[in-house]
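Coordinate analysis (summary)
Read off the chains here:
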Amino acid sequence: MNNFNNLLEKTGEVGYVRMIVNEIVYADGLPSARPGELIIFENGERGKVLSLSPDSVEILAFSKKPIKVGGKVARTGSPIAIPVGTQLLGKIIDPFGSSFDNTSLIQKTRDYRSIEVTPLGIMSRRKIIRQLETGVGIVDIMLPIGHGQRQLVIGDRKTGKTNFLLQTIVSAARAGNICIYTAIGKKKIDIKKVEEYFKENKVTDRVIIIASTSQDPSGVIFIAPYSAMTIAEYFRDRGQNTLLILDDLSTHAKFYREISLLANKFPGRNSYPGDIFYVHARLLERAGSFTVGNSEVAITCLPVVETPQADFSGYIQTNIMSMTDGHILFDSGLFAEGRRPAINPFLSVTRVGKQTQSAVKRSVNRELLSFLTLYTKLRNFSHFGAEATESVQVTTETGERVLSLFDQDTSSIIPSNIQIILLTLLWAGHLNVTSTKDILDYKNRFVKLYETNPSYKEFIDTMLDTCESFNELLSLINRNKAQVFPGGKL
Ligand code: ATP
Ligand code: MG
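Note that this is a predicted model, so its numbers are computed, not measured.

1. A closer look at the overall build of the chain
Counting secondary structure elements, the chain contains 16 helices and 19 strands. Over its C-alpha trace the chain gives a radius of gyration of 26 Å, about what one expects of a compact globule, namely 23 Å for 490 residues. Oriented by its inertia axes, the alpha-carbon framework of the chain measures out at about 85 × 50 × 40 Å. Counting the 490 residues in the chain, one finds 55% classified as buried. Counting contacts in the chain only where the partners sit at least 6 residues apart, residues at least 24 apart contribute 72% of the total. Total accessible area on the chain is roughly 22,100 Å²; 51% of this is exposed by carbon and sulfur atoms. Taking the average place of the 57 positive charges on the side chains of the chain and the average place of its 50 negative ones, the gap between the two points comes to 2 Å.

See the structure below:
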């Protein structure tokens with residue numbers, strides 16, 4: 001209360017609430033208020049100035065507690081800012097930077113940053129040249145993501161989007177990146193599951209979870225991705241690469257639509273307000289690859305968008321596609337067929353990721369894409385019951401094996417070099433495979449070998465570094481079979 005009176009004195013303006021429409025509050029007596037400014041109500045709750053009119057200020061209240069008509073309102077003179085710092089690592093916080101469920105103690109800091117800033121300009125941006133490994137084979141080989149890329153993760157509900165992102169976080173955190181997971185209007189139980197997953201994989205000390213639940217006021221959910229981006233920028237400015245997940249922006253858009261309709265903004269396409277594109281674009285523009293000091297530091301951003309019944313042509317979906325550098329498409333049809341992850345490589349796009357792949361990986365990628373196209377065509381054709389020649393049978397069998405090589409369950413994270421070695425061995429017919437379980441066994445054995453034996457890891461990494469193409473790799477592996485899989489029968 002003292003604080004409130006101080007603010008009133010400092011700004012010299014005392015506002016009064018005149019009208020309330022759900023979370024939108026109209027107040028007068030604040031002639032110098034600016035859009036985006038933080039407002040404090042008499043009961044201590046916060047709000048943000050949405051717009052100004054000659055005789056009143058429109059405020060979005062961040063509270064579910066009732067605000068009284070006639071109550072006092074104070075300006076703060078500053079935009080919404082959140083505390084930032086390394087003390088946030090390993091914590092779950094709400095979009096204002098306080099502990100989410102009061103379980104984790106967050107130390108006080110003097111470092112505050114405004115959540116709305118202008119994105120850095122072209123002069124401080126760099127070309128995207130380093131690959132960010134996700135630990136998910138099909139993505140690392142066929143749809144590579146670069147550090148600083150903005151890659152949309154799109155698909156129907158319950159198709160494994162979040163699961164893929166969690167695997168990516170674990171893989172990136174192990175590689176030394178700071179990871180931020182933003183839950184936008186999720187259920188509490190889902191946030192708990194995410195937390196558990198990080199604990200199980202022992203990466204909590206490199207991860208920050210920013211949580212807003214569907215029960216939170218719309219305004220709080222609305223600012224969640226901006227807060228997350230602000231924290232990512234803090235780590236970028238310290239020279240640390242950051243991976244930012246926004247799960248998900250279609251929910252974000254829905255809450256913004258609700259706020260806008262309540263505030264009497266003119267509804268446009270699908271009732272979304274006219275500035276919905278700007279709302280997302282000014283956020284995603286803040287990610288990228290930047291020059292910090294003398295080095296290159298990146299904020300990689302993976303926003304999620306849900307599609308209603310595989311309709312990828314919706315308003316929000318296409319908006320976000322146009323402001324990202326590609327998308328990974330989760331296909332409900334493939335999910336129903338039992339494929340995990342259910343990523344459709346033909347309908348997914350990565351615009352800048354390919355330039356981050358090494359020559360051999362690019363060559364494998366090209367080879368694989370043309371092979372899988374052929375395989376899919378043949379498989380569709382064989383559905384007609386046509387009799388298959390021997391070569392067609394070989395192609396379909398190899399295709400099935402390649403696809404089952406890409407199957408990964410929730411807990412498995414496979415380094416991309418091992419995926420390539422396995423793929424090449426399979427291609428050359430060196431793996432003795434009769435069932436999908438055999439492939440799983442091989443995967444486990446190779447990953448274990450790679451992760452526990454440093455000299456083996458070095459051997460594989462150098463071999464892949466020196467190769468220029470898939471054919472060269474095939475002949476190299478043929479020559480060094482015993483070294484590629486020491487002590488094991490192929
Ligand atoms: P939502 O629409 O709720 O956000 P989503 O698309 O994020 O869903 P997930 O929650 O990641 O999907 O996954 C849905 C279900 O599929 C979960 O029960 C999860 O365990 C299972 N699943 C997803 N990916 C895999 C996988 N690679 N292996 C095994 N199970 C998986
Ligand atoms: Mg999800």
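2. Topic: the pattern of salt bridges
Counting across every chain of the model gives 22 salt bridges. A salt bridge links Glu116 to Arg282; its shortest N-O distance comes to 2.9 Å. Of this pair, Glu116 sits in the loop between strand S9 (112-114) and strand S10 (131-132) while Arg282 sits in helix H7 (residues 276-284), and the two are 166 residues apart along the sequence. Arg379 is the salt-bridge partner of Glu337, the closest N and O atoms lying 4.0 Å from each other. Of this pair, Glu337 sits in helix H9 (residues 332-337) while Arg379 sits in helix H10 (residues 359-382), placing them 42 residues apart in sequence. Glu337 gets classed as exposed once you look at its relative accessible area, which sits at 52%. Given a relative accessible area of 25%, Arg379 falls into the partly exposed group. Because the salt bridges share partners, they merge into one network encompassing Glu13, Glu37 and Arg75.

3. Re helix H3 (residues 161-174)
Spanning 14 residues, H3 covers 20 Å between terminal C-alpha atoms, matching the ideal 20 Å at 1.5 Å per step. Along H3, the positions that sit buried rather than exposed are Lys161, Phe164, Leu165, Leu166, Gln167, Thr168, Ile169, Val170, Ser171, Ala172 and Ala173.

4. Observations regarding the packing of helix H12 (residues 416-427) against helix H15 (residues 470-479)
With their axes 10 Å apart at the nearest point, H12 and H15 run at an angle of 75° to one another. Classified by the angle between their axes, H12 and H15 sit roughly perpendicular to one another. Contacts between H12 and H15 involve Ile420, Ile421, Thr424, Leu425 and Trp427 on the former and, on the latter, Phe470, Leu473, Leu474 and Ile477. Residue composition of the contact of H12 with H15, grouped by class: eight nonpolar, one polar and no charged.

5. So, the pairing of strand S12 (residues 152-155)
Working note: regular strand, side chains alternate between the two faces of the sheet. On S12, burial covers both faces: Leu152 and Ile154 on one face and Val153 and Gly155 on the other are all buried. Taken together, the four bridges between S12 and strand S18 (residues 326-330) define a ladder with parallel strand orientation. Residue Ile154 lies in a different strand from S18, and its bridge partner there is Leu329.

6. As for the nonpolar core
Residues Val139, Tyr181, Phe198, Ile209 and Phe446 are the most contacted members of the largest nonpolar core, which totals 75 residues. Apart from the residues within four sequence positions on either side, Ile209 is in contact with Lys91, Ile92, Ile93, Tyr181, Ile191, Val194, Glu195 and Phe198. Formed by 57 residues, the second largest nonpolar core is a distinct cluster that contains Leu88, Leu152, Tyr272 and Val305.

7. Thoughts on the pairing of strand S13 (residues 178-186)
A large share of S13 lies buried, amounting to nine of its nine residues. Inspection of the sheet shows S13 paired to strand S15 (residues 242-247) by six bridges, in the parallel sense. Residue pairing across strands places Cys179 opposite Leu243, the latter belonging to S15. Two strands pair when backbone bridges link them, and S13 and strand S14 (residues 207-213) are joined in this way by six bridges, in the parallel orientation. The residue bridging Ala183 from the neighbouring strand is Ala211, located in S14. The handedness of the S13 to S14 crossover, carried by helix H4 (residues 188-200), is right-handed.

8. Looking at the UniProt feature "domain: ATPase F1/V1/A1 complex alpha/beta subunit nucleotide-binding" (unreviewed entry) in the chain
With numbering matched to this structure, UniProt assigns "domain: ATPase F1/V1/A1 complex alpha/beta subunit nucleotide-binding" (unreviewed entry) to residues 135-349. Within residues 135-349, the helical portion is 42% and the strand portion 24%, while the C-alpha atoms at the span's ends are 18 Å from each other.

9. What to know about the packing of helix H5 (residues 218-237) against H7
Contact geometry of H5 with H7 gives a least axis separation of 10 Å together with a crossing angle of 20°. The orientation of H5 with respect to H7, classified from their angle, is roughly parallel. Crossing of H5 against H7: the hand is left-handed. Mapping the contact onto sequence places Phe222, Pro225, Tyr226 and Met229 in H5 and Val279, Arg282 and Leu283 in H7. By residue class, the composition of the contact of H5 with H7 is six nonpolar, no polar and one charged.

Each value, and the rule that gives it
- Residues numbered from 1 in each chain as written.
- Chains lettered and ligands numbered in written order.
- Predicted model: local features only at pLDDT ≥ 70, side-chain atom pairs only at ≥ 80, totals over all residues.
- Heavy atoms only, no water.
- Helix = DSSP H or I, 4+ residues; strand = E, 2+ residues; numbered from the N terminus.
- Rg over C-alpha atoms; globule rule 2.2 N^0.38 Å.
- Buried < 20%, exposed > 50% of the residue type's maximum accessible area, 1.4 Å probe, protein only.
- Contact = heavy atoms within 4.5 Å.
- Areas by Shrake-Rupley, 256 points an atom, 1.4 Å probe, with all protein chains shown as cover.
- Lys, Arg positive; Asp, Glu negative; His and termini not counted.
- Charge placed at Lys NZ, Arg CZ, Asp CG, Glu CD.
- Salt bridge = Lys/Arg side-chain N within 4 Å of Asp/Glu carboxyl O.
- Expected span 1.5 Å × (residues − 1).
- Axes fitted to C-alpha atoms, helices over the stretch in contact; angles between N-to-C directions.
- Parallel < 35°, antiparallel > 145°, perpendicular 65-115°, else oblique.
- Nonpolar A, V, L, I, M, F, W, Y, C, P; charged D, E, K, R; others polar.
- Pairing = 2+ DSSP bridges.
- Core = buried A, V, L, I, M, F, W, Y, C linked by side-chain atoms within 4.5 Å.
- Right-handed = clockwise from strand over helix to strand, strands pointing away.
- UniProt positions renumbered as here; feature names shortened; annotations may be inferred.
- Left-handed = near helix turned anticlockwise from the far one by under 90°.

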